[in-house]
Amino acid sequence: MAEAERDFDRRPDPDALLALADQERRGKLCVFLGAAPGVGKTYAMLGRARIAKAEGVDVVVGLVETHGRRETEALMSDLEVLPRRKVEYRGRTIEEFDIDGALARKPQLIIVDELAHTNAPDSRHPKRWQDIEELLDAGADVWTAMNVQHLESLADVVSNITGVAVRETVPDRVLQDASDVILVDITTAELLQRLKEGKVYVPETAKRAIQNFFTPRNLTALRELALRRTADRVDDQMLDFLRQDAIEGPWATSERLLVCVGADSSSQKVVRAAARLATGLNAPWVALYVEQPGHEEQDGGRVKQIHEALRLAERLGAQVERLSGTDLAGEVLKYARRENITQIVIGRSRQGVLGRLLRRSLTDEIMRRSEDVAIQVVVTEERAPGVAKRWFTLKVAEAWTGAVAAASSVAITVSIGHLLDRWLRLPDLAVIFLVPVVLCAARFGLASAIQAAVLSFFACDFFFIEPRYQLTIRDPSEFLALVVFLIVAFVTGMLASRVRQHSEFMRTRAQTAQSLFDFSRKLSAAANLDEVLWAAIVQMQKSLEARCVVALIPNDGELSLIAAWPPLDELNAGEMSAARWAFEKCEPAGSHTDTLPNLRFQFRPLATTRGVLAVAGVEIESPDQPISAQQEGILTSLLEQTAIAIDRSMLVGESVKAAALAENERLRTTLLSSLSHDLRTPLASIMGAVTSLRQLGDKLPQADRQDLLASIEEEAGRLSRFVNNLLEMSRIESGAVAPRRELIDVGDAVRGAIERARKAFPDLNASVSLAPNLPAIKGDVNLLSNVIFNLLDNAQKYGGGSAAVYARREGDDLVISVTDEGPGVKPADLERIFEKFYRSGRVDGRKAGTGLGLSISRGLVEAMGGTIVAQSPAARRRGTRILLRFPIPGQPERT
């Protein structure tokens, strides 16, 4: 048993095997990594490409920048080079990598240089590494080159070392996901010599580079970073191999990191530090932003900083989360415990003296309250905004309104205090000044409450403390009472302000919940897919206050614009490309994303477990600002509910189709069963009679020959009726039955049907009872006769060979009834017997007939404006009665 458990524990890591299977489906990425420009990355890459081509590999150069180096250009002479895409940018023409041409060429291996390059604004992707990701998804192998300074997590480190800001970066996950990383390295002295010889830059540029960036200290530091990062990559590969082969460790403990993102400019530095720490620990990590209700960021620049920090974390491989709550530290720690976070990374800015005295920082609060989670503090040089600045970051209009309210309420309180002092002679009136503080806090917020508290302090001293009308205090106890009053006023104002904020937060939450509830009711009432989409886009436009919301669904392999609010005729080519990208890749595209970010719409996929069902596009009110955390939460909820509703609508449609297919299959099976018996039986009788007549001929007595001929005639009539029934049913279903609408005598139709039935069924015992003076009805005498004949045929099969036909007038209707003496029909089957191919009775141990007679009868009766129903009289306990009702001319027809 123990050995079996050890074998079970030695299984290959499932996650490693899944990752390996995913790599097999995609193309392979090989990155030539260097410490600085000029080390020979492109030269080495092209040299290997020539060797691969000589070995029979289909090699294509998508884009290579030679920078005028003749040796590099010579290596490209024997390689196929794809044409570049020409783009107009700021009045000049630039050449970019043509990703569509590369995808159309479908090479086995493609060379795309400068991994960190930023594409022209109108390109499909902002960055070249995203172009390479698309090539890899298409199954092509890609070779590329980059310098270590362009790694996102090292950008700030390189800037501190070299003093040069790194503007073009590549997420670390691109290097981590690469199949191979080849380090191209030369010594610092050799690189400097190449610079002096003009092999890297032209002489003037090389001279400036040696003085600034290409110093021995900088190059040595960059070489160390490149070597370390390559060693980390090799270590990661080794761990993957060990996991795939189930080789026992020791393995690193399972760490999970959380980085807190704020609105300050140092957040990106904190995110990069967390990324480096997560890379070193081989641990997943989460970037979390918590927004306080009622304190949403109003400054566009700070909102943009939050968005950029979260996007940076996402590019570096983090899972991004947004939360909302009044207690920032509590929300962070609650999330950390719920998600099994082992380390929290948070920045710490320098606080002023006032800030340290009046308020504990978020970092200090998290460290104080954290018991089982390690805290990593990243110290930044940015000075934290002061307490007063954080308290009073209000709109100017709101600040003035609060100040006026504070002054007015204190003035009113002073007047009330004078009246109370004159009438009641109260010894201490300071307590009444708490009223304006509470009112201002509850109505206008903390800033107004503080102003009211300060004004109340001086007003109480000036008007009600001896000596009056002077800002002096005679008795020290009165001074102490005023100080205590000021402290109590501050605390009361803060508590009232918190109650106000909490009530506003709860009101907002209630409004959002009510809005989502109303939306869910609309979706549940939607009858089809169009109603679901229209309800969704109208709700999104209303909730997000968006300029426009559109919905697209796949139709014959292409996305089609189904709904738009406000109405929109069509999307342009770029917007359709972004929508297709969101649909195919199941990720956001368009505005404020990494794919076609310059568009006005941001497209989101509506996905369920069955895949992406549709795409929603949102044009936000302020294109320069990203979607806020509150809007993001609302949008996510709306998209999830809409996706579920679309899935439900499609499932309903599919279930209807499945039911129709099942019904068709049942009808087909029943029809084949009827054909197999009702054609084969008479044909067998006819063939037997014909064979007897042919073989025996004159040897048979005359009476026997007459019997055989009568049998042939009878079975041929049976076949004729069967075929006629099928043709009649087909005509009814196709709407080809057009009965004549002329006055007819019902008695003639009944007598004609009885006469036909007695010829066809000699054993049928049929009786007729016609009321005198029957009125004429509008219809077709032949069709009515056929209906009555079908009912008599049904009575002959199931009714024991007896049938009674009655015709009479009942009010404004003429009623014809056909009653048999059979076992009757169950109440549950009284309506089903009119369905096609439904047969309930048995004759000679089998189900009799084709099940078309009553169905045809209903079709013909309704075509003539009448109705037909079945009854099984309870008093008689036997028999079935079929009632036909036709309106007498001048009366409305039955429908």
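Residues numbered from 1 in each chain as written. Predicted model: local features only at pLDDT ≥ 70, side-chain atom pairs only at ≥ 80, totals over all residues. Heavy atoms only, no water.

Colleague: Which parts of the structure should I look at to understand the overall build of the protein chain?
Modeller: Secondary structure assignment for the protein chain yields 29 helices and 27 strands. Out of the 895 residues belonging to the protein chain, those deemed buried represent 43%. Contacts spanning at least 24 positions in sequence make up 69% of the contacts within the protein chain whose residues lie at least 6 apart. Of the roughly 47200 Å² that the protein chain leaves accessible, carbon and sulfur atoms contribute 53%. (Helix = DSSP H or I, 4+ residues; strand = E, 2+ residues; numbered from the N terminus. Buried < 20%, exposed > 50% of the residue type's maximum accessible area, 1.4 Å probe, protein only. Contact = heavy atoms within 4.5 Å. Areas by Shrake-Rupley, 256 points an atom, 1.4 Å probe, with all protein chains shown as cover.)

Colleague: What should I look at first to understand helix α9 (residues 188-196) in this one?
Modeller: Since the α-helix packs 3.6 residues into each turn, any two residues three or four apart lie on the same face. Every buried residue belonging to α9 is among T188, L191, L192 and L195, and all of these are buried. One side of α9 carries all its buried residues, which in axial view fall inside an arc of 100°. Where α9 terminates, the next one or two residues include G198, which has phi positive at roughly 80°. (Arc of directions from axis to C-beta.)

Colleague: Looking at this model, I keep getting lost on the packing of aromatic side chains. Mind explaining?
Modeller: Aromatic rings in a pair are described by how distant their centres are and how their planes are angled relative to each other. In the structure shown here, the tally under the stated rule is three aromatic pairs. An angle of 20° between the planes, with centres 5.8 Å apart, marks the rings of F761 and F789 as stacked. Linking F761 in the loop between α27 (746-760) and β20 (765-770) with F789 in helix α28 (residues 781-798), this pair joins segments that are 28 residues apart in sequence. Accessibility expressed as a relative area gives 5% for F789, which makes it buried. Looking at K585, its charged tip hangs above the ring of W581, at a distance of 5.1 Å from the centre. Over the ring of F789 we find R756, and its NZ or CZ is 4.2 Å from the ring centre. (Phe/Tyr/Trp six-rings, centres within 6.5 Å; stacked < 30°, edge-to-face > 60°. Lys NZ or Arg CZ within 6 Å of the ring centre and 35° of its normal.)

Colleague: Hey, could you run me through the sheet that holds strand β27 (residues 881-887) in this one?
Modeller: Within a sheet, adjacent strands bond to each other through the backbone by hydrogen bonds, running parallel or antiparallel. Spatially, the five strands line up as an open sheet ordered β20-β22-β23-β27-β26, and their pairing is mixed. Each having just a single partner strand, β20 and β26 (867-871) make up the two edges of the open sheet. The mean inter-strand angle of the sheet, taken between neighbouring strand axes irrespective of direction, is 15°. Strand direction decides the pairing type here: β20 and strand β22 (residues 802-810), joined by six bridges, are parallel. Looking at β22, one finds that S767 is bridged to A804. Set on the sheet, α27 makes contact with β20, β22 and β23 (813-820); between it and β20 the angle comes to about 170°. Contacts from helix α29 (residues 853-863) reach β26 and β27 within the one sheet, and its direction differs from that of β26 by about 140°. (Pairing = 2+ DSSP bridges. Axes fitted to C-alpha atoms, helices over the stretch in contact; angles between N-to-C directions.)

Colleague: What should I look at first to understand the side chain of T72 in this one?
Modeller: Secondary-structure assignment places T72 in helix α4 (residues 70-75). Apart from residues lying up to four places away in sequence, T72 is in contact with T42, Y43, L46 and T66.

Colleague: In this structure, what is going on with unusual backbone geometry? I would like to understand it.
Modeller: A negative phi angle characterises most non-glycine residues, just as the trans form characterises most peptide bonds. With an omega of -5°, the peptide bond running from W565 to P566 counts as cis. As for its placement among the helices and strands, P566 is situated in the loop between β15 (558-565) and α23 (573-585). The phi dihedral of N340 is positive, around 60°, even though this residue is not glycine. Secondary-structure assignment places N340 in the loop between α14 (328-338) and β12 (343-350). What makes N340 exposed here is its relative accessible area of 59%. In this structure, C586 takes a positive phi of about 55° despite not being glycine.

Colleague: Got a minute to help me understand a nonpolar patch on the surface in this structure?
Modeller: On the surface, M367, V377 and V379 cluster together to form a nonpolar patch covering roughly 240 Å² of accessible area. Within the secondary structure, V377 is located in strand β13 (residues 374-383). For V377, a relative accessible area of 31% translates into the label partly exposed. (Patch = residues over 30% accessible without salt bridge, like charges linked within 9 Å, V, L, I, M, F, W, Y side chains within 5 Å. Salt bridge = Lys/Arg side-chain N within 4 Å of Asp/Glu carboxyl O.)

Colleague: How should I be thinking about the pairing of strand β2 (residues 59-63) in this particular structure?
Modeller: Regular strands have side chains that alternate between both faces of the sheet. Counting buried positions along β2 gives five out of five residues, so the element sits mostly inside the fold. As judged from the four bridges shared by β2 and strand β6 (residues 109-112), these two strands associate in the parallel manner. Bridged to V61 within β6 is I111. Taken together, the two bridges between β2 and strand β3 (residues 80-81) define a ladder with parallel strand orientation. Each bridged residue has a counterpart across the sheet, and for V60 the counterpart in β3 is E80.

Colleague: Looking at this structure, how should I read the pattern of salt bridges?
Modeller: Pairing is possible between side chains that carry opposite charge, provided their charged atoms lie close to one another. One pass over the structure, following the stated rule, counts 33 salt bridges. Residue D58 pairs with R105 through a salt bridge whose shortest N-O separation is 2.9 Å. Residue D58 is located in the loop between α3 (41-54) and β2, and its partner R105 is located in helix α5 (residues 99-105); the two are separated by 47 residues in the primary sequence. R369 is paired through a salt bridge with D327; the nearest N and O atoms lie 2.9 Å apart. You can see R369 sitting in helix α16 (residues 362-369) and its partner D327 sitting in the loop between β11 (319-324) and α14, a full 42 residues away along the chain. On the basis of relative accessibility, which here comes to 33%, the residue D327 falls in the partly exposed class. Taken together, the shared-partner salt bridges connect R26, E133, D137 and K585 into one network.

Colleague: Just checking my understanding: could you explain the side chain of T363 for this structure?
Modeller: Mapped onto the fold, T363 is located in helix α16. When its relative accessible area of 4% is taken as the criterion, T363 is described as buried. In terms of polar contacts, T363 uses its side chain to reach the backbone carbonyl oxygen of G347, at 2.8 Å. Beyond its immediate chain neighbours, meaning those up to four positions away, T363 contacts I346, G347, R348 and V377. (Polar contact = N/O pair within 3.5 Å; in protein donor to acceptor, adjacent residues only side chain to side chain.)

Colleague: Hey, could you run me through the packing of helix α19 (residues 434-444) against helix α20 (residues 446-464) in this one?
Modeller: Any two packed helices are characterised by the angle at which their axes cross and by the distance between the axes. Taken N-terminus to C-terminus, the directions of α19 and α20 make an angle of 165°; their axes are 7 Å apart at the nearest point. Judged on the interaxial angle alone, α20 and α19 are roughly antiparallel. Viewed along their axes, α19 and α20 form a crossing whose handedness is right-handed. Contacts between α19 and α20 pair P436, V437, C440, A441 and F444 from the former with L446, S448, A449, A452, A453 and S456 from the latter. Of the residues in the contact of α19 with α20, the class split is nine nonpolar, two polar and no charged. (Parallel < 35°, antiparallel > 145°, perpendicular 65-115°, else oblique. Left-handed = near helix turned anticlockwise from the far one by under 90°. Nonpolar A, V, L, I, M, F, W, Y, C, P; charged D, E, K, R; others polar.)

Colleague: Would you take a moment to explain the environment of P827 for this structure?
Modeller: Tracing the backbone through its elements, the reader meets P827 in the loop between β23 and β24 (842-843). On the accessibility criterion, P827 (73% relative accessible area) is exposed. Spatially, the C-alpha atoms of P827 and S872 are 7.3 Å apart, while their sequence positions differ by 45 residues.

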